[in-house]
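# Residue-level structure breakdown
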Protein chains: 2
Amino acid sequence: MIYKENYCPFTREELLERIRVQMSDKRFNHVLRVEKAAITLAQENGVNEEKTSVAALVHDYAKERPDSDFINEIKLKKYPTDLLKYGNEIWHGLVGADFVKIELGISDEDILNAVRHHTTGAGKMSKLEQIIYVADYIEEGRTFPGVDEARKLANEDLKLAVAYETKQTLSYLINQEVLIYPKTLETYNAWVAN
Amino acid sequence: MIYKENYCPFTREELLERIRVQMSDKRFNHVLRVEKAAITLAQENGVNEEKTSVAALVHDYAKERPDSDFINEIKLKKYPTDLLKYGNEIWHGLVGADFVKIELGISDEDILNAVRHHTTGAGKMSKLEQIIYVADYIEEGRTFPGVDEARKLANEDLKLAVAYETKQTLSYLINQEVLIYPKTLETYNAWVAN
């Protein structure tokens, strides 16, 4: 894809290079698969493909940074201090979007929200946010139980895929007895609960 | 039991009569079974038995009131307005404690918190609060899957029973796809998550 709009100050190849140096080859290949899945969903849901490509490529930009980077940013930007109780899994999206903005010069708020909410979801999500949230879950390298059902729903109705992923994820986290960030419950209450 | 302290302005018999008129016979019998289970837990955990009896007997005092009573109280006392999105299941404890205080003249904050938190739990719960939360779950009339495990844990370690009940309840609610009050997640994060 040749970038023609202003979502990103780089060509796609330049952006890829900046992302590649931030992460393992394994994660970089995951990022490429998320881009592929996201562009398919963008085509099916009438969302700008270039914007979707940029959001997909940067969604895990901060995933391999040291905890100290996030802790500094949380304190510097005066995020709610309870965020400090969580870890990389929550920080790399919600706080990682700051690094995408500062270091990659990407300032489109829809793209940044897609990065912020790709793990926890949110009560309100734009179509782009829904696409990145779902593409991260169903990209072709994923093999967990339920992924085929998620893929089927994503092809039928993006909102149903968001609901399915949210319910599965929350159930999984409880089963694992791990700390759950309140935004994940907000997503469940908005997208799953009747 | 003969009440000798000042937790309640009535004798136990007078209190029973005031509770009986607020609810069906079926619920009244549940209340008596919760009292029985709670007193056993109080004896095992060194908690005042009279206080426990009062808390158990009043825990469902407001369960059969019309929604309009709760809605009025939520507006009058300026509770967070998002509480209005929930229903009797959440209101009868959190808001019902107000009616216990006003109409029964019970002002002990530990007893009122036990009423407030008997359904959702809370991040911090006194021993009395834990006892009412667990007794409501394990009273001898309960027959749902897992109740025997909950009874076993309650006899061994009250805190483990709180954790078990919280995890089971949250999983059940998600499976049912019903709205979950954020305090329930607060209880999970404090008592279940590692």
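Our structure's up above, just so we're on the same page.
This one's a predicted model, so the numbers in the text were calculated from it and none came from an experiment.

### Some details on the pattern of salt bridges
- In this structure the tally under the stated criterion is 42 salt bridges over all chains.
- Across the pair Lys 51 of chain B and Asp 110 of chain B runs a salt bridge, and its minimum N-O distance is 3.0 Å. With Lys 51 of chain B in helix α3 (residues 49-58) and Asp 110 of chain B in helix α7 (residues 109-116), this residue pair connects regions lying 59 residues apart in the sequence.
- Of the residues examined, Asp 110 of chain B reaches a relative accessible area of 21% and is grouped as partly exposed.
- Overlapping salt bridges bring together Arg 33, Asp 136, Glu 139 and Arg 142 of chain A as one network.

### Examining the relation of the copies chain A and chain B
- Mapping chain A onto chain B leaves a residual RMSD of 0.0 Å; the transformation is a rotation of 180° accompanied by 0.0 Å of translation along its axis. Here the copies are linked by what is in effect a two-fold axis. Closest approach to the rotation axis among the C-alpha atoms of chain A is made by Ser 171 of chain A, whose C-alpha sits 3.2 Å away.
- Take the interface residues of chain A: 100% of them recur as interface residues in chain B, which is what a same-surface contact looks like.

### Points about the nonpolar core
- Counting 59 residues, the largest nonpolar core has Leu 15, Val 58 and Val 134 of chain A as its most contacted members.
- It is helix α8 (residues 127-138) of chain A that provides the largest number of residues to this core, a total of eight residues.
- When neighbours within four sequence positions are excluded, Val 58 of chain A is seen to be in contact with Leu 15, Ile 19, Val 100, Leu 104, Ile 106, Ile 111 and Val 115 of chain A.
- Core analysis: the second largest hydrophobic core is formed by 58 residues, Val 54, Ile 90, Leu 104 and Ala 114 of chain B among them.

Thresholds, definitions, all that
Residues numbered from 1 in each chain as written. Chains lettered and ligands numbered in written order. Predicted model: local features only at pLDDT ≥ 70, side-chain atom pairs only at ≥ 80, totals over all residues. Heavy atoms only, no water. Salt bridge = Lys/Arg side-chain N within 4 Å of Asp/Glu carboxyl O. Helix = DSSP H or I, 4+ residues; strand = E, 2+ residues; numbered from the N terminus. Buried < 20%, exposed > 50% of the residue type's maximum accessible area, 1.4 Å probe, protein only. Least-squares fit on C-alpha atoms with pLDDT ≥ 70 in both. Contact = heavy atoms within 4.5 Å. Core = buried A, V, L, I, M, F, W, Y, C linked by side-chain atoms within 4.5 Å.

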